[in-house]
Amino acid sequence: MMKPSFHIKGFLKDGSLLTPWQERLLVFPEAKWDLVLVSDNASTDGNSQREDKRRRFMAELEMKRFKIKKIQDKTKTFYGIRAPPDIFRKYNCLLGTPDKSAPNLNPEDIVRITTRIRIVYFILHKIELPQDEKKPGRFEGEKTEPDSHFCLLSQKKSTEKLEQLIQDKVFEAVFPLHDNSDGFGKALKKKWARWRDVIYVQPVQDIREYFGEKVALYFAWLGWYTIMLFPAAIVGIIVFLYGLVHFSSSQISKEICQANSTIMCPRCEPHCPYWELADTCTYAKVTHLFDNEGTVFFAMFMAVWATVFLELWKRQRAKDVTWWNLYSWDEDEEEMALEIINNPDCTIPKHEHSYLHSTLILLGVAVMITILIGIAQAIVIYRVVMTVYFTQSDWDFVRERANTVAVMTGALVHYFTIVIMTKVNRMVAMYLCNLERPRTFTEKENNFTVKFFTFQFFVHFSSLIYVAFFLGRINGRPGQYVRIAGKWRLEECHPSGCITDLFIQMAIVMGLKQTLSNCMEFLTPYLKFKFHQIRGKSNGKGQVHTEDGAPDPCKERWQKNYNKVEVNVFSLFDEFLEMVIQYSFTTIFVAAFPLAPLLAFLNNIVEIRLDAIKMMRLQRRMVPRKANDMGIWLQVLEAIGVLAVISNGLVIAITSDFIPRIIYKYFYGPCASSNTSDIDCLTGYINNSLSVFQTRDFKGDSELSSVNVSHCRYRDYRNADDYNFSVQFWHIFAARLAFVIVFEHVVVCIKFIAAWFVPDIPQSVKNTALETKHQELLEELSRAPPEESELPTAWSPFILSCDSVVEHSTEV
């Protein structure tokens, strides 16, 4: 068996290797390769500079006593990399054997396979090649970002690392291999990554052993979130069915359907006719499905549900990480240990803060948010213009439902805006994150997460915020409308309320995002995988070249792994982001869409298996990452819970007609003056909520004033003579404000009580941590030297250190 030479290599004055790595095939039949490096033959043939860098990189690995195996075919060259055992012994020595309690660790293995891959991946990205000439810096892409940036080496020359070599096409890819043996990989394919297992519990422990703790925590959280969605979906269905039962029996719907003589003011100008209120009978009935007495209860329930969900998840997470022996794991300590293993002479960078950079970042974020709000306003303008266009349509169906069609097409435009701006937001967030110069990769990921999610939140919800809180409230009144560019007037709400517009917007955006996005999420890697398979078969028809001409059994496995879809360090981030955005839809504005938890529940059942199949069968294996929590995502979820309380309180108080109905029922309706039991207390509500406008007061529009209509009605609370706000308007305004204050304080108090009632950490986990710490202290005490008074006099010269005592006692 041929073995690599491990002699120390020197460098010439120009920095090139004196004895470059000798390309020979190293055969280790028993070895399991930690990582595979791939280079494109077309990019190295005829390019001596790339070839020299590749040889020098392999020489650096050889000096670290890595095992290297080379396989070459017509188009690609593969390099199997396996680290020497002493690296992992140092890891166990520095961190106290963190994998000692691994239930499935083989006796001959020093660490579990996920730890091996993570350490080797870290070291490969820390190898530095001196550059002859200093090149201008490049933008750091996401696909080749190393797993950590903990330590910086002070060097006089500029250097190149693996990510730069991949950008320069010296190497094409680096990835760990999927397990095709009878280990965890095969088990996960059989009982997890299959559509037939869609209703079964996930093997989180096996996922952890194969993909690492970060991926395992994602699937554990996703499974817990899906389970907790079930009761929320049940309550949402009950609220929806309550509205469906009263679909045709609502007093408000009856009055609208019977209002054949109520002439409403035109919806747009010019050329928009007067219309009868009874024409919107169906719209009024649909509105009552989502704006009824159960809406307030459901909004409060979902606010408490969000708190209970997070508290129960914290308990579940604590149990999992305790079982994994990661309860007190310190990420900084581990990354520092990896740096010392790679280079004991490294210089640890200090925490830095620049007020100039922070100011620039704040300005960048503010500018980006302003742009996103401007895009939301552009969608508003689109709806206003399209309402006028649809009103003049030759198609009766569209003309009669111009406002609804404009809302639906606006929602479609909103969805495509989300798709486009997601790519823009990612680039801007990455650029702003690089300005901060984060010290570690985790710090960089957290900063990127906050910025990117903030941008995505405004993209998804700016238009919804306008529909919920501004639609129909800043448009003015007949004869004095607020106009865009002095031409198009803003939209109005339907006489039965604005909540249906919000429901339509949410249903279309959320529905498209969960269907089309999931289809693209699965079909894109599937088609890429099939394309790579076909291309790999056509390129792999030639014989694999080795020294003795014999085919190598590793070639097929490496080629299959290479043909899978590439992943990057932000692949798991994208999965988290998708689910957190869905969580936002499920909690924020849920009062307007009680079926949102049901849609999220059904989507997640599919999402779990879709992600499992994608990770196991279509994509290359992710580089495992160690973690004991979700990181910054937990703070994001808690912030969403607070926003959910605020937004749902405002939806009920402002968007819904709940408050105006209550005020009318007890102060202005037929039940306010007498205790009549044979009449509905909301009788006359629609007529009371519509103000009167004299058509002669239309200024500058002879077409509207010349029609044989003396007055028209519009949704507002104004006096008929001077068009100022009536007393009832101010009563409703005060009631809305009071409701928001009371609702939010009550729900926040309930949230605090729920958070206190459900402890974050179970007592069993705390007791286990205490017992573990107690046992460790006893072990430390047993290794301590005896007191000086207990030692013989002849031993006193040896009482210099713990090691001296142990040495002397051994000799005795």
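Rules of the game
- Residues numbered from 1 in each chain as written.
- Predicted model: local features only at pLDDT ≥ 70, side-chain atom pairs only at ≥ 80, totals over all residues.
- Heavy atoms only, no water.
- Helix = DSSP H or I, 4+ residues; strand = E, 2+ residues; numbered from the N terminus.
- Buried < 20%, exposed > 50% of the residue type's maximum accessible area, 1.4 Å probe, protein only.
- Contact = heavy atoms within 4.5 Å.
- Areas by Shrake-Rupley, 256 points an atom, 1.4 Å probe, with all protein chains shown as cover.
- Disulfide = S-S within 2.5 Å.
- Pairing = 2+ DSSP bridges.
- Axes fitted to C-alpha atoms, helices over the stretch in contact; angles between N-to-C directions.
- Polar contact = N/O pair within 3.5 Å; in protein donor to acceptor, adjacent residues only side chain to side chain.
- Left-handed = near helix turned anticlockwise from the far one by under 90°.
- Nonpolar A, V, L, I, M, F, W, Y, C, P; charged D, E, K, R; others polar.
- pLDDT = per-residue confidence, 0-100.
- Core = buried A, V, L, I, M, F, W, Y, C linked by side-chain atoms within 4.5 Å.
- Phe/Tyr/Trp six-rings, centres within 6.5 Å; stacked < 30°, edge-to-face > 60°.
- Lys NZ or Arg CZ within 6 Å of the ring centre and 35° of its normal.

Asks: Sorry, what's going on with the overall build of the protein here?
Replies: Assigned secondary structure in the protein consists of 27 helices and 14 strands. Going through the 812 residues of the protein one by one, you find that 53% of them count as buried. The contacts in the protein between residues at least 6 apart in sequence include a share of 79% that link residues at least 24 apart. Carbon and sulfur atoms make up 60% of the accessible area of the protein, which amounts to about 38,600 Å² in all.

Asks: What's the story with the state of the cysteines in this structure? I'm lost.
Replies: A covalent bond between the sulfur atoms of two cysteines is what we call a disulfide. All chains considered together, the criterion is met by three disulfides. Here Cys-257 is linked by a disulfide to Cys-281, with a sulfur-sulfur distance of 1.8 Å. Because the sign of the S-S torsion sets the handedness, a value of about 80° for the bond joining Cys-257 and Cys-281 places this disulfide among the right-handed ones. Of the two residues, Cys-257 is situated in helix H9 (residues 251-257) and Cys-281 in helix H10 (residues 281-290); the sequence distance between them amounts to 24 residues. For Cys-257, a relative accessible area of 22% gives the class partly exposed. Residue Cys-671 pairs covalently with Cys-681 via a disulfide, S to S 2.0 Å. The S-S bond linking Cys-671 to Cys-681 shows a torsion near -90°; that makes this disulfide left-handed.

Asks: Help me out: how do you make sense of the sheet that holds strand S2 (residues 67-72) in this one?
Replies: Paired through backbone hydrogen bonds, the strands of a sheet run either parallel or antiparallel to each other. Sheet architecture is open: four strands sit in the order S2-S3-S1-S6, paired in antiparallel fashion. Each having just a single partner strand, S2 and strand S6 (173-175) make up the two edges of the open sheet. The sheet shows a mean angle of 20° between the axes of neighbouring strands, taken without regard to direction. Pairing of strand S1 (residues 35-40) with strand S3 (residues 76-82), which is carried by six bridges, proceeds in the antiparallel orientation. The residue bridging Ser-39 from the neighbouring strand is Thr-77, located in S3.

Asks: What exactly am I supposed to notice about unusual backbone geometry here?
Replies: Phi is mostly negative for residues that are not glycine, and the peptide bonds are mostly trans. Look at Lys-169: it is not a glycine, yet its phi comes out positive at around 65°. Within the element layout of this structure, Lys-169 appears in the loop between helix H5 (162-167) and S6. For Lys-169, a relative accessible area of 52% translates into the label exposed. For Asn-325, which is not a glycine, the phi torsion comes out positive at approximately 60°. Inspection of the secondary structure assignment puts Asn-325 in the loop between helix H11 (294-323) and helix H12 (331-342). Residue classification places Asn-325 among the partly exposed positions, given a relative accessible area of 38%.

Asks: Teacher, can you tell me more about the side chain of Asp-716 here?
Replies: With respect to the element layout, Asp-716 can be found in the loop between strand S14 (711-715) and helix H25 (727-757). One polar contact links Asp-716 to Arg-718, side chain to side chain, over a distance of 2.9 Å. Other than its neighbours up to four places away in sequence, Asp-716 contacts Ser-689, Leu-690, Ser-691, Phe-725 and Phe-729.

Asks: Would you explain the pairing of S2 in this entry?
Replies: Along a regular strand, successive side chains alternate from one face of the sheet to the other. Looking at chain direction, S2 and S3 are connected through six bridges and run antiparallel. The residue of S3 that forms the bridge with Gln-72 is Thr-77. The turn linking S2 back onto S3 is made up of three residues.

Asks: Mind showing me how you'd approach the pairing of S1 here?
Replies: The element S1 is extensively covered by neighbouring structure, given that five of its six residues are classed as buried. Bridge count between S1 and S6: three bridges; the pairing is antiparallel. Across the sheet, Val-36 pairs through a bridge with Phe-175, a residue of S6.

Asks: How do you make sense of the environment of Tyr-415 when you look at a structure like this?
Replies: Within the secondary structure, Tyr-415 is located in helix H15 (residues 402-435). Classification of Tyr-415 by relative accessible area gives buried; the value is 6%. Considering only alpha carbons, one finds Tyr-415 and His-460, 45 residues apart in sequence, at a separation of 8.2 Å. Setting aside its immediate chain neighbours within four residues, Tyr-415 contacts Val-509, Leu-512, Lys-513, Leu-516 and Ser-517.

Asks: So what exactly am I meant to see when it comes to the packing of helix H8 (residues 213-245) against H10 here?
Replies: Packed helices, taken two at a time, are described by the angle their axes make and the gap between the axes. Contact geometry of H8 with H10 gives a least axis separation of 7 Å together with a crossing angle of 145°. Read as a crossing pair, H8 and H10 show a hand that is right-handed. Only His-288, Leu-289 and Phe-290 of H10 make contact with H8, whose side of the interface consists of Phe-240, Gly-243 and Leu-244. Residue composition of the contact of H8 with H10, by class: four nonpolar, two polar and no charged.

Asks: Where do I start with the environment of Arg-483 in this structure?
Replies: Turning to its location among the elements, Arg-483 is positioned in strand S11 (residues 483-484). Taking the C-alpha atoms as reference points, Arg-483 and Val-384, 99 residues apart in sequence, are found 9.9 Å from one another.

Asks: Looking at this structure, I do not really get the confidence of the model for the protein. What am I missing?
Replies: Close inspection of predicted coordinates is inappropriate in any region flagged by low pLDDT. Chain-level statistics for the protein give a pLDDT mean of 80 and a share of 83% at 70 or above. Predicted confidence is poor over residues 24-30, with pLDDT under 50, and the contacts of this stretch with residues over four places away or in other chains come to 25 contacts. In the model, residues 794-812 has pLDDT below 50 throughout and makes twelve contacts with residues more than four positions away in sequence or in other chains.

Asks: What am I meant to see in the nonpolar core here?
Replies: Where a protein is soluble and globular, its nonpolar side chains tend to be buried together. Judged by nonpolar contacts, the single largest core of 182 residues is most densely connected at Leu-37, Phe-57, Leu-124, Phe-171, Trp-221, Trp-305 and Phe-589. Discounting residues that sit within four places of it in the chain, Phe-589 has contacts with Phe-461, Leu-464, Ile-465, Ala-468, Phe-469, Leu-502, Met-506, Ser-647, Asn-648 and Val-651. Counting residues in hydrophobic clusters, the runner-up holds eleven residues, among them Trp-33, Val-36, Phe-78 and Cys-554.

Asks: How should I be thinking about the packing of aromatic side chains in this particular structure?
Replies: Applying the stated criterion across every chain yields a total of 46 aromatic pairs. Taking 6.0 Å as the distance between ring centres and 40° as the angle between the ring planes, the aromatic pair formed by Phe-240 and Phe-290 counts as tilted. Pair noted here: Phe-240 is in helix H8 and Phe-290 is in helix H10, with a separation of 50 residues, a long-range link. Judged by centre distance (6.3 Å) and plane angle (40°), the ring pair of Phe-453 and Phe-457 falls under tilted. Of the two residues, Phe-453 and Phe-457 both sit in helix H16 (residues 441-469), four residues apart, roughly one turn of that helix. Classification of Phe-453 by relative accessible area gives buried; the value is 10%. Just above the ring of Tyr-210 sits the side chain of Arg-621; from NZ or CZ to the centre is 3.9 Å. If you follow Arg-718 out to its NZ or CZ, it ends over the ring of Phe-725, 4.2 Å from the centre.

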